[in-house]
Amino acid sequence: MASFTVRVNLHNVNEHDSETHELLHREMAELGFIRTIKTRSGEEYQLPPGEFNFVGKKSKKAVLGLAKSAAHESGKEYGILVTQSSNRRSWHGLTQAENSK
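Note that the coordinates shown come from a computational prediction; the quantities given were computed from them, not determined experimentally.

Draft legend 1. Inspection of the nonpolar core at higher detail. Ranked by size, the top nonpolar core spans 17 residues in total, and within it V6, V8, M28 and F33 carry the most contacts. Secondary-structure elements contributing two or more residues to this core are β1 (2-10), α1 (18-30), β4 (51-56) and α2 (60-72).

Listed below in structure tokens is the structure:
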């Protein structure tokens, strides 16, 4: 299975507009995107705002299509970046997810 990091930027949306961001998070979750990333040992870390994780048997183009569908539901203009990882991803300084503690 492939791993993808997906960045969704809602244009002209205040970072404190929690209703719009919660809508995006719900729509993304319904399509299989999650807001955490796991270590090999199973610990989970919270991704930065606007970033999502997707793991599955999809192409980059298909993952982009799913993310566009979710972002479209916000009613806002948006930009999306999809990066596929063929190897393990690296990170530093992310907060451990609540359910992983």
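Back to the write-up after that little detour.
Draft legend 2. Focus on α2. Counted at 1.5 Å a residue, the expected span for α2 with its 13 residues is 18 Å, and the 18 Å between its end C-alpha atoms agrees. Within the span of α2, buried status applies to V63, L66, A67, A70 and A71. The arc enclosing the buried residues of α2, seen along the axis, measures out at 135°, which places them on a common side. α2 presents K61 and H72 as exposed residues on the side facing more than 90 degrees away from its buried surface.

Draft legend 3. The arrangement of the packing of α1 against α2 in detail. Interaxial distance between α1 and α2 falls to 8 Å at its minimum, and their mutual angle equals 145°. Like other packed secondary-structure pairs, α1 and α2 cross with a definite hand, here right-handed. When α1 is examined against α2, the residues L24, E27 and M28 are found in contact with a partner set consisting of A67, A70 and A71. Across the contact of α1 with α2, the residue classes tally to 5 nonpolar, no polar and 1 charged.

Rules used in this analysis
- Residues numbered from 1 in each chain as written.
- Predicted model: local features only at pLDDT ≥ 70, side-chain atom pairs only at ≥ 80, totals over all residues.
- Heavy atoms only, no water.
- Core = buried A, V, L, I, M, F, W, Y, C linked by side-chain atoms within 4.5 Å.
- Buried < 20%, exposed > 50% of the residue type's maximum accessible area, 1.4 Å probe, protein only.
- Helix = DSSP H or I, 4+ residues; strand = E, 2+ residues; numbered from the N terminus.
- Expected span 1.5 Å × (residues − 1).
- Arc of directions from axis to C-beta.
- Axes fitted to C-alpha atoms, helices over the stretch in contact; angles between N-to-C directions.
- Left-handed = near helix turned anticlockwise from the far one by under 90°.
- Contact = heavy atoms within 4.5 Å.
- Nonpolar A, V, L, I, M, F, W, Y, C, P; charged D, E, K, R; others polar.

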